[in-house]
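Geometric and topological summary
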Amino acid sequence: SGHLSHYGIKSLQCKPTRILSQLPCNSSYQRRLFANKNMTVELDSNTGVAVIQMKNPPVNSLSLEFLTEFSISMEKLEMDRECRGVVITSSIPRIFSAGLDINEMYGKTPEHTGEFWRAVQEIWLNVYGSNLVTIAAINGASPAGGCLLAMACDYRIMADNPKYTIGLNETKLGIVAPFWFKDTMMSVIGRRATEHSLQLGIMYSASEALRNGLVDQLIAQDKIMPTALSVMSEWLAIPDHARQITKSMMRKPTLDRLLTNRESDIQNFVNFISKDSIQKSLQLYLEMLRQRKS
Amino acid sequence: SGHLSHYGIKSLQCKPTRILSQLPCNSSYQRRLFANKNMTVELDSNTGVAVIQMKNPPVNSLSLEFLTEFSISMEKLEMDRECRGVVITSSIPRIFSAGLDINEMYGKTPEHTGEFWRAVQEIWLNVYGSNLVTIAAINGASPAGGCLLAMACDYRIMADNPKYTIGLNETKLGIVAPFWFKDTMMSVIGRRATEHSLQLGIMYSASEALRNGLVDQLIAQDKIMPTALSVMSEWLAIPDHARQITKSMMRKPTLDRLLTNRESDIQNFVNFISKDSIQKSLQLYLEMLRQRKS
Amino acid sequence: SGHLSHYGIKSLQCKPTRILSQLPCNSSYQRRLFANKNMTVELDSNTGVAVIQMKNPPVNSLSLEFLTEFSISMEKLEMDRECRGVVITSSIPRIFSAGLDINEMYGKTPEHTGEFWRAVQEIWLNVYGSNLVTIAAINGASPAGGCLLAMACDYRIMADNPKYTIGLNETKLGIVAPFWFKDTMMSVIGRRATEHSLQLGIMYSASEALRNGLVDQLIAQDKIMPTALSVMSEWLAIPDHARQITKSMMRKPTLDRLLTNRESDIQNFVNFISKDSIQKSLQLYLEMLRQRKS
């Protein structure tokens, strides 16, 4: 345990045998489905691979309800002794996730906005800090929070469609990606590309995203899930214990930075989003979205 | 303001309305020219874009006088409510800037050398920490201090001419780029390329500079200013406030590192440059330059 | 010296004139050979370039004896006024170095394992922190510790042979590269490639290693030594003093991180390697190696 604590891991996620022993012990039992409103979670206990399919029409907005369900799903999988990896994808055509739900930030009480932001932090902590192998199968557009979710995974496969774009475009809406969005992007594409990308709020096409390392691989849309599962099997060929310690060694400083600044980060977000000028920007943006629809 | 202080910005540059209200309020008044000895500064108050053209023949050496004028010009633009971005370029053919003026370091008193070094720090603090959009239009050779000036900008466009080179070549002269030159280069081309580049004092051709990310874009010499202005308009499409907070989030730690070590950095430079061996190197270098001219 | 201490160098390696004055002062005296069991070390005092040829058949395993000899050789060269650079290569066909000798970790006392790990730290401190120009001429496979040794150099030239691979493959054996292996790899290929590479224990082909920057140059096997010497002469064209300060400015924080955590790093390694599960993994691996041979 000296070795583990050296790399700053307080206690490695120990899969509790007790929970599993209460499940029906049926050898032909291979697939389990968690029913949720905003996503389906299916675990193949033969391979140890779970798939989370986001389904929150029309654009998989990360609402408070969505975020809460997602975090609970991740925690369940993390605790499940049979689960070793998770693929995150969308069941909505042409959209991976459109990012944070602006409705949760506009015209809400500070209490609500704070609760919402805590849920955004939570989903990132759960994915970026997961002991599981995490693969994003990005089968559609992925701006802002959608991009954050993908960047928090271990590996990113994107559908090779020039219409799909991915990036942190916050500045375009007059808002600012917080420091841990920035840290996550830096850990993927490096500092210079992050500075350029965040200042301009750049949305990259799939091929640009491949070129600058924002995604690891492009593949035809209809091959994205088989490819994700095939990549997953390569990752699962590595002993979990060694891989998990290595992952933690890489990611713990970035995780700790949010953990030690969590409350002030919430307060900052609430203060910022409550400003008249920002509320006005969000209002205009929501009106624009409504006009597009009609 | 909690959000701002979170990103370490003590007080965002507030454009003082009082100053502007004292100017003639003429709607056709669009261009203002600041007259200086070593550069011209022209602000188009319609677009919000200023252009600084360096003109200190023969090679735009960064003399103490030049540095002081440049810093004052940047501060003026920073305070000017009508200015949102600045393009830095040269009016001298084939030279962007040859870097620090060696004459300011050779055979001078420690007081003079210290004053000179403080002015070098000041120009970097003003450009790297600017709230304006800063674009370098590198229309000629750009060694050492010239490269530093370009790297401190938000974006770099270089004339596509294989004869123009750019880089931090200090070690070739037997001197050492200080830590904040190094930090600036790392923020542009990453750590490995910086280590390699600084140890060997590499001067990159325009195409090499593009390949390793030292510049963002190459363009034919005669298109460099229209291209710079076109890129500038893309940057100005982003709301200033969000872009400035984002830029500060990226750059403040690097700026702070010099701010907290400023006096010791000056003392180190003065001690180093005063050494007999270094003075001897500079003397030989100045003699070589003189022989080249004749 | 203010300038030096600024960059954190406590005392620059001063080549002791006293030692050299005791050597025969023969102007035709150009090559000196250090006889060792596990390597030959030859210094050309005309050029200032030493070559270390590792020869510990069958695969240049880094045994305790090997590591000790290597560190002593590096220290000798470092103190030798006539030596300015060193090329590290292998005299064993198709193998640069297979990395740490597993026999030193399997079934040994904690005292032995601790002594071994200290020797691994020492070789890295000596190479990564060397004032000499260090060039790896990677003329064969270079996994794990072999890759670390190459990454610790200033420049890497690899034989252009698709059969030769290089990388930190520790997780594949169920073990974990320690933080300073990770830091060294990050300093060469950046954070994202390191995270990916370490989690999967990726071994890169020569051409992949070139593409991601793990090596700087590929060359035909029979041209590797002339190329290394030619690259060395470029590095030696830079004044030693300026190059050494610059190198130290880049590398000192990484070196200091191990120096301040050296004892705990040893303790962590000993605790980790003593675990039953790890000993079992090493046993299986050693048996696999034995079966391959027969």
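Coordinates for the structure precede this section.
Everything in this summary refers to the structure shown in the same document. (Residues numbered from 1 in each chain as written. Chains lettered and ligands numbered in written order. Predicted model: local features only at pLDDT ≥ 70, side-chain atom pairs only at ≥ 80, totals over all residues. Heavy atoms only, no water.)

Quick word on helix H6 (residues 179-189) of chain C
Because each turn of an α-helix spans 3.6 residues, side chains separated by three or four positions end up pointing in the same direction. Residue and element names in this part refer to chain C. Operational definition: Whether a residue is buried, partly exposed or exposed follows from its accessible area with a 1.4 Å probe, protein chains only, as a fraction of its type maximum: under 20%, in between, or over 50%, in that order. Only DSSP runs of H or I reaching four residues or more are called helices, and only runs of E reaching two or more are called strands; each is numbered from the N terminus.
Burial runs high along H6: 10 of the 11 residues are buried. Within H6, the full set of buried residues consists of Phe179, Trp180, Phe181, Lys182, Asp183, Thr184, Met185, Ser187, Val188 and Ile189. Immediately downstream of H6, the backbone of glycine 190 shows phi near 85°, a positive value.

Considering the interface of chain A and chain C
Rules: The contact rule is simple, with two residues in contact once any of their heavy atoms fall within 4.5 Å. Accessible area, probed at 1.4 Å, shrinks when two parts are joined; the buried area is that loss added up over both. We define a salt bridge as a side-chain nitrogen of Lys or Arg found within 4 Å of a carboxyl oxygen belonging to Asp or Glu. Pairing of N or O atoms within 3.5 Å defines a polar contact, subject to two protein rules: one partner must be a possible hydrogen donor and the other a possible acceptor, and residues neighboring in sequence count only if both atoms are side-chain atoms.
Facing the 26 residues of chain A at the interface are 25 residues of chain C. When the two sides are added together, the surface that chain A and chain C hide from each other amounts to roughly 2,300 Å², 60% of it contributed by carbon and sulfur. Linking chain A to chain C there are 2 salt bridges. The partner of C:Glu195 in a salt bridge is A:Arg251, and the shortest N-O contact between them spans 2.6 Å. Here chain A is connected to chain C by 7 residue pairs in polar contact (both at pLDDT 80 or more). At the level of elements, helix H1 (2-6), strand E10 (155-159), helix H6 (179-189), helix H9 (224-236) and helix H10 (240-260) of chain A are the ones that each hand at least two residues to the side of chain A that touches chain C. If one sorts the elements of the side of chain A that touches chain C by residue count, H10(A) sits on top with 10 residues.

Describing the relation of the copies chain A and chain C
In summary, the two copies of the chain are related to each other by a rotation about an axis coupled with a shift along it. Rule in force here: Copies overlap after least-squares fitting; the atoms used are the C-alpha atoms of residues with pLDDT of at least 70 in both.
After a rotation of 120° and a shift along the axis of 0.0 Å, chain A superposes on chain C with an RMSD of 0.0 Å. Taken together, the turn and the small shift mark the pair as related by a three-fold rotation axis. The rotation axis passes nearest to the C-alpha of A:Gly190 in chain A, at a distance of 4.5 Å.

Brief notes about the sheet that holds strand E11 (residues 165-167) of chain A
Spelled out, the test is: For two strands to be treated as a pair, DSSP must find no fewer than two bridges joining them.
Across the sheet, 4 strands lie side by side as E6-E9-E11-E12 (chain A); this open sheet has mixed pairing. Whereas interior strands pair on both sides, the edge strands pair on one side only; in this sheet they are strand E6 (94-95) and strand E12 (204-205) of chain A.

Examining the pairing of strand E9 (residues 140-143) of chain A
Residues and elements named next belong to chain A. For E6 and E9, the ladder comprises 2 bridges, and the chain directions are parallel. Directly across from isoleucine 95, in E9, lies its bridge partner alanine 141. The sheet contact formed by E9 and E11 spans 2 bridges and is parallel. Each bridged residue has a counterpart across the sheet, and for proline 143 the counterpart in E11 is glycine 167.

Examining unusual backbone geometry
Cis rather than trans, the peptide bond between A:Pro57 and A:Pro58 has omega equal to 5°. For A:Pro58, the location among the structural elements is in the loop between strand E3 (49-54) and strand E4 (61-62). Unusually for a residue other than glycine, C:Arg94 sits at a positive phi of about 70°. For C:Arg94, the position within the fold is in strand E6 (residues 94-95). Since its relative accessible area comes to 59%, C:Arg94 is described here as exposed.

What to know about the side chain of C:Ser61
Residues and elements named next belong to chain C. Its location among the elements puts serine 61 in strand E4 (residues 61-62). Taking the relative accessible area as the measure of exposure, serine 61 reaches 19% and is therefore buried. Apart from residues no more than four positions distant in its own chain, serine 61 is found in contact with Asn56, Phe66, Gly99 and Asp101.

Topic: the sheet that holds strand E11 (residues 165-167) of chain C
The 4 strands are arranged E6-E9-E11-E12 (chain C) in an open sheet whose pairing can be described as mixed. On the outer flanks of this sheet lie E6 and strand E12 (204-205) of chain C, each paired with one strand and no other.

Describing helix H7 (residues 191-200) of chain C
Residue and element names in this part refer to chain C. Judged by how many residues are buried, H7 sits mostly within the fold: 8 of 10 residues are covered. Those residues of H7 lying buried are Arg192, Thr194, Glu195, His196, Ser197, Leu198, Gln199 and Leu200. Glycine 201 lies just past H7 and shows a positive phi near 60°.

Purely spatial values, then, with no claim about function.
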